[in-house]
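Residue-level structure breakdown
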Amino acid sequence: MNPGRRLSLIVATTLFIETMDSTAIATSLPVIAEDLGTEPIALKLALTAYLLALAVFIPVSGWVADRFGAKRTFMLAIGVFLLGSLACAASASLEQLVAARFLQGMGGALMVPVGRLVLLRTVPKNELVQALSWLTIPALVAPILGPPIGGFIATYSDWRWIFLINIPMGLVGMVLAWRFVPDLREAVKPLDWTGFALSGLGLALALFGFSTLGRHLVTTPVAVTSLVVGLGAMLAYVWHARRHPHPLIDLGLLRLPTFRAGVVGGMLFRIGIGATPFLLPLMLQLGFGLTPLQSGLLTFVSAVGAIFMKTMAAAVLRRYGFRRVLWINALLASAMLAGFGLFRADTAHWVIMAVLLVSGCFRSLQFTSLNAISYAEVDPARMGQASSLSGMLQQFSLALGVAIGGYALQVAGSLTGNDYADPVNFAWAFLTVGVISALSAWMMFRLPHDAGAEMAGRAEVGKELSEQKAEQRSAT
């Protein structure tokens, strides 16, 4: 087998188990909650713990690989992920499950980024596109398989098997990594330990405090203290980064208009989208009375729509450009998201699937556009820093979306006087996250008309607009 393809498939095994695990657990939250003796809404902490671990540790993944060797780091990361999976399966309480999910996330934060780094450094440039295309296949297939498989296991077996099925494929990945992954090392600069401590502690405490304000796991005073200390640490990192010669996260990248729009605007959009895997299965199962399997067989079509749009995204961007696609599509995708709250128990399943299919198309187009435009103005020397900052904020915004979605559901229940699982409360929750997601359109609308013209294959359009601006300046 071609070495580049073989390496891509090895990394793909880790991406597959990570993605399928995340999509499968979301479908099974009500069953897990019942078995652990807690409220389903409290399991937002199990979702946010994993995403938070990714946000905290992704920025140091490249440094760890260079310091200790890519092969060793990659294998260790898989091992940590599998150990976290075993701990999840053995969990007997919400506290244990949250801790186990955080351990899983520590492995995931190193596993896929380090594998991707090995690909970028070893595969020849003329084979890189094909190698990366092999890598993306599991990221597209796993969200299709995850909800039905997770729903089937939760309906007809023990939910703990959702985590145990990771073990065989993960062990295969470790054996293949030991045989075929090169042990690459690069010269490393000293790690910004102070920056890592401030950013990691700040993100962890702020999100933990915000997520537990609903009196889950800890008391309200403890949650408030955690939130305040976390926000203080994040502000301290901003002060630290301005004075450090090589900060862990280069906040100066946010001065670039396209990077700022893609990351900050994208963060707003992802907050809304991040709430969906949490709210939608709860509504279908608690609100409508469906089984986990029935829920999974409905929600997987969103991933089918995402795959379909992947084949058309480049043509759409070439035809309409980044700016127009980003701000209009943000509004359309957000409107579809808010519309999920209009589903009722008697809504025909084919209607729900059709709406989720179209919504998956809009969401996929937005993610593809955001991921591309973020790097339009980033020079090669800062690409690693840009990738770390973007990846960290992406995961943090998804975790924040889960927390906000849970709070919106609780607040709606308090205002309506109904149990939070009542369908009318989900309508308000989806409207809330949909509005937050739609706010991103303003940042996209403010982009220059020729933003990312070269990346979209519209170089001639961009040149023409630049010439028009030059003529206008000379005329004035």
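Take the overall build of the protein next. The helix and strand inventory of the protein stands at 21 helices and zero strands. Radius of gyration (C-alpha) of the protein: 22 Å, near the 23 Å computed for a compact globule of 476 residues. Principal-axis analysis of the C-alpha atoms places the extent of the protein at approximately 65 × 55 × 50 Å. Relative to its full complement of 476 residues, the protein shows a buried share of 53%. When contacts within the protein are restricted to residue pairs at least 6 apart in sequence, those whose partners lie at least 24 apart make up 83%.

Looking now at the environment of Gly-339. When you line up the elements, Gly-339 lands in helix H16 (residues 322–339). Of the residues examined, Gly-339 reaches a relative accessible area of 21% and is grouped as partly exposed. Gly-339 sits 20 residues away from Ser-359 along the chain, and the two C-alpha atoms are 9.8 Å apart.

The next subject is the packing of H16 against helix H17 (residues 349–373). Two elements in contact, H16 and H17, have axes whose closest approach is 9 Å; the angle formed by their N-to-C orientations is 145°. Our pair here, H16 against H17, has a crossing hand that is left-handed. In this structure, H16 contributes Phe-322, Val-325, Leu-326, Asn-329, Ala-330, Leu-332, Ala-333 and Met-336 to the contact, and H17 contributes Val-355, Val-358, Ser-359, Phe-362, Arg-363, Leu-365, Gln-366, Ser-369, Leu-370, Ala-372 and Ile-373. Partitioning the contact of H16 with H17 into residue classes produces 14 nonpolar, four polar and one charged.

Glancing now at the nonpolar core. Within the largest apolar cluster, 129 residues are counted, with the highest numbers of intra-cluster contacts made by Leu-43, Phe-74, Leu-97, Phe-259, Phe-278, Leu-279 and Phe-430. With 14 residues, the top contributor of residues to this core is helix H12 (residues 257–287). In this structure Leu-43 touches Leu-29, Ile-32, Ala-33, Leu-94, Leu-97 and Phe-278, once residues within four positions along its chain are discounted.

What follows is about the pattern of salt bridges. Counted according to the given criterion, the structure contains three salt bridges. Two residues, Asp-158 and Arg-160, come together in a salt bridge whose shortest N-O distance is 3.8 Å. Its relative accessible area of 33% is what places Asp-158 among the partly exposed residues. One network of salt bridges, in which partners are shared, links Asp-35, Asp-158 and Arg-160.

Two numbers describe how helix H3 (residues 44–57) lies on helix H10 (residues 193–211): the axes approach to 10 Å, and their chain directions differ by 165°. When the axis of H3 is compared with that of H10, the two are roughly antiparallel. Where H3 crosses over H10, the two elements pack in a sense that is right-handed. Every residue of H10 that contacts H3 at Lys-44, Leu-45, Thr-48, Leu-52, Ala-55, Val-56 and Phe-57 is listed here: Phe-196, Gly-200, Leu-203, Ala-204, Leu-207 and Ser-211. Considering only residue class, the contact of H3 with H10 consists of nine nonpolar, three polar and one charged.

Quick look at the packing of aromatic side chains now. Counted under the stated rule, the structure contains 13 aromatic pairs. Aromatic pair Trp-63 and Phe-68: ring centres 6.4 Å apart, planes at 85°, arrangement edge-to-face. Centroid distance Trp-193 to Phe-196: 6.4 Å. Interplanar angle 75°. Geometry classified as edge-to-face. Taken as a pair, Trp-193 and Phe-196 lie in helix H10 at a separation of three residues, close to a single helical turn.

Once that is clear, we can look at the layout of surface pockets. There is about 390 Å³ of room inside the second largest pocket. If you go around the second largest pocket, you meet 16 residues; those closest to its centre are Met-234, Val-238, Leu-251, Met-392 and Leu-393. At the level of elements, H10, helix H11 (220–241), H12 and helix H18 (383–416) are the ones that each hand at least two residues to the lining of the second largest pocket. Per element, the largest residue contribution to the lining of the second largest pocket is five residues, and it comes from H11. Of the residues in the lining of the second largest pocket, the class split is 15 nonpolar, one polar and no charged.

Turning to its location among the elements, Gly-115 is positioned in helix H6 (residues 94–122). Residues Gly-115 and Ser-359 lie 244 residues apart in sequence; the distance between their C-alpha atoms is 31 Å. Among all residues touching Gly-115, those that are not within four sequence positions of it are Val-11, Phe-74 and Leu-110.

Below, the discussion takes up the environment of Leu-447. Within the secondary structure, Leu-447 is located in the loop between helix H20 (440–445) and helix H21 (459–475). Classification of Leu-447 by relative accessible area gives buried; the value is 4%. Between the alpha carbons of Leu-447 and Arg-323 there is a distance of 6.0 Å; along the sequence they are 124 residues apart. Discounting chain neighbours no more than four positions away, the residues touching Leu-447 are Pro-257, Thr-258, Ala-261, Arg-323 and Leu-326.

Across its 14 residues, H3 extends 20 Å between first and last C-alpha, which sits within 8% of the 20 Å expected from 1.5 Å per residue. Counting buried positions along H3 gives 14 out of 14 residues, so the element sits mostly inside the fold.

Time to look at the side chain of Asp-66. Inspection of the secondary structure puts Asp-66 in helix H4 (residues 61–68). Contact partners of Asp-66, with chain neighbours within four places excluded, come to Arg-121, Arg-185, Glu-186 and Val-188.

Along the chain, Gln-366 turns up in helix H17. Only 2.9 Å separates the side chain of Gln-366 from the side chain of Asn-329, close enough to count as a polar contact. Setting aside residues up to four positions removed in sequence, Gln-366 forms contacts with Phe-269, Val-325, Leu-326, Asn-329 and Ala-330.

About the cut-offs
- Residues numbered from 1 in each chain as written.
- Predicted model: local features only at pLDDT ≥ 70, side-chain atom pairs only at ≥ 80, totals over all residues.
- Heavy atoms only, no water.
- Helix = DSSP H or I, 4+ residues; strand = E, 2+ residues; numbered from the N terminus.
- Rg over C-alpha atoms; globule rule 2.2 N^0.38 Å.
- Buried < 20%, exposed > 50% of the residue type's maximum accessible area, 1.4 Å probe, protein only.
- Contact = heavy atoms within 4.5 Å.
- Axes fitted to C-alpha atoms, helices over the stretch in contact; angles between N-to-C directions.
- Left-handed = near helix turned anticlockwise from the far one by under 90°.
- Nonpolar A, V, L, I, M, F, W, Y, C, P; charged D, E, K, R; others polar.
- Core = buried A, V, L, I, M, F, W, Y, C linked by side-chain atoms within 4.5 Å.
- Salt bridge = Lys/Arg side-chain N within 4 Å of Asp/Glu carboxyl O.
- Parallel < 35°, antiparallel > 145°, perpendicular 65-115°, else oblique.
- Phe/Tyr/Trp six-rings, centres within 6.5 Å; stacked < 30°, edge-to-face > 60°.
- 1 Å grid on protein atoms, 1.4 Å probe; cavity = no way out; pocket = protein on both sides within 12 Å on 5 of 7 lines; lining within 4 Å.
- Points joined across faces, edges and corners; volume = space filled by probe spheres on them.
- Expected span 1.5 Å × (residues − 1).
- Polar contact = N/O pair within 3.5 Å; in protein donor to acceptor, adjacent residues only side chain to side chain.

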